[in-house]
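# Analysis of the macromolecular model
Listed here are the chains, written in short residue letters.
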Amino acid sequence: AQSVTQLDSQVPVFEEAPVELRCNYSSSVSVYLFWYVQYPNQGLQLLLKYLSGSTLVKGINGFEAEFNKSQTSFHLRKPSVHISDTAEYFCAVMTNAGGTSYGKLTFGQGTILTVHP
Amino acid sequence: DAGITQSPRHKVTETGTPVTLRCHQTENHRYMYWYRQDPGHGLRLIHYSYGVKDTDKGEVSDGYSVSRSKTEDFLLTLESATSSQTSVYFCAISERIQETQYFGPGTRLLVL
């Protein structure tokens, strides 16, 4: 079975500062990795995903993430945040091999990013 | 945005009553999912469907049933609602099993 740990439940940051949201995963097979964002009272929106290829993945709104297989991490970064980035961010993993978890998304607990002026 | 609607968007019900939530899609995607979102738990999969009349259990399926009689509709039923089922419920769809899942706006359910 796979699992996801988001290491920070809340991250406060000032506008225009850089930010990193940390995500570690556990799986006995190879995985696909996703970051979703949830703005208040809305559904989840895909930020970016890693399926294969380059380990540095660029997403929407200036976010990027790096897949590190040896450290089983997929941290999300943005060099300069805006007030509008205030939201909850979810890391998720999906196995790409067979078994009972095939095709199922497992989410982390979420990180609330608050950007202060 | 993917064409996914959920109804109702808000519901208050009493313990012991049955409740049905509806997810409707206009994308003709094969796969549909029901999740619940609770603070500190992220989203957890309740049930999913891989085709009309084809469904399977997720991580937290106890107390829930689903049905899918048409490609576009996926119903989630709480057979006898309990306070522990107070949550926000999200529907998601995907074209293939390992493709990106697109989420609906959610249904906020309060069980008194």
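Quick summary incoming for the structure in this document. The structure presented is a predicted model; accordingly, all values stated were derived computationally and were not measured.

Before going further, it helps to spend a moment on the state of the cysteines. Using the criterion set out here, one finds 2 disulfides over all chains in the structure. The side chain of C23 of chain A participates in a disulfide bridge whose partner is C91 of chain A; the two sulfur atoms lie 2.0 Å from each other. Residues C23 of chain A and C91 of chain A are joined through a disulfide that is left-handed, its torsion about the S-S bond being -65 degrees. With C23 of chain A in strand β4 (residues 23-26) and C91 of chain A in strand β10 (residues 87-95), this residue pair connects regions lying 68 residues apart in the sequence. Paired through a disulfide, C23 of chain B and C91 of chain B show a sulfur-sulfur distance of 1.9 Å. Residues C23 of chain B and C91 of chain B share a disulfide whose torsion about the S-S bond is about -70 degrees; that sign makes it left-handed. One end of the pair, C23 of chain B, is in strand β3 (residues 19-25); the other, C91 of chain B, is in strand β9 (residues 87-94), and 68 residues separate them in sequence. The same class applies to C23 of chain B as to C91 of chain B, namely buried.

One finds L33, W35, L47, L48, F74, L76 and Y89 of chain A to be the most contacted residues of the largest nonpolar core, which totals 29 residues. Here L48 of chain A is in contact with L33, F34, W35, V57, K58, G59, F63, E64, A65, F74 and L76 of chain A, once residues within four sequence places are set aside. Core analysis: the second largest hydrophobic core is formed by 20 residues, A92 of chain A together with L43, V88 and A92 of chain B among them.

This paragraph deals with a nonpolar patch on the surface. A surface patch of nonpolar side chains, amounting to about 280 Å² of accessible area, comprises V12, L110 and L112 of chain B. Taking the relative accessible area as the measure of exposure, L110 of chain B reaches 37% and is therefore partly exposed.

With that settled, consider the side chain of H47 of chain B. Residue and element names in this part refer to chain B. When you line up the elements, H47 lands in strand β5 (residues 42-51). Side-chain polar atoms of H47 contact the backbone oxygen of D56, separated by 3.3 Å. Side-chain polar atoms of H47 contact the backbone oxygen of Y64, separated by 3.2 Å. Setting aside its immediate chain neighbours within four residues, H47 contacts Y33, W34, D56, K57, G58, S61, Y64, S65, V66 and F74.

Conventions and cut-offs
- Residues numbered from 1 in each chain as written.
- Chains lettered and ligands numbered in written order.
- Predicted model: local features only at pLDDT ≥ 70, side-chain atom pairs only at ≥ 80, totals over all residues.
- Heavy atoms only, no water.
- Disulfide = S-S within 2.5 Å.
- Helix = DSSP H or I, 4+ residues; strand = E, 2+ residues; numbered from the N terminus.
- Buried < 20%, exposed > 50% of the residue type's maximum accessible area, 1.4 Å probe, protein only.
- Core = buried A, V, L, I, M, F, W, Y, C linked by side-chain atoms within 4.5 Å.
- Contact = heavy atoms within 4.5 Å.
- Patch = residues over 30% accessible without salt bridge, like charges linked within 9 Å, V, L, I, M, F, W, Y side chains within 5 Å.
- Areas by Shrake-Rupley, 256 points an atom, 1.4 Å probe, with all protein chains shown as cover.
- Salt bridge = Lys/Arg side-chain N within 4 Å of Asp/Glu carboxyl O.
- Polar contact = N/O pair within 3.5 Å; in protein donor to acceptor, adjacent residues only side chain to side chain.

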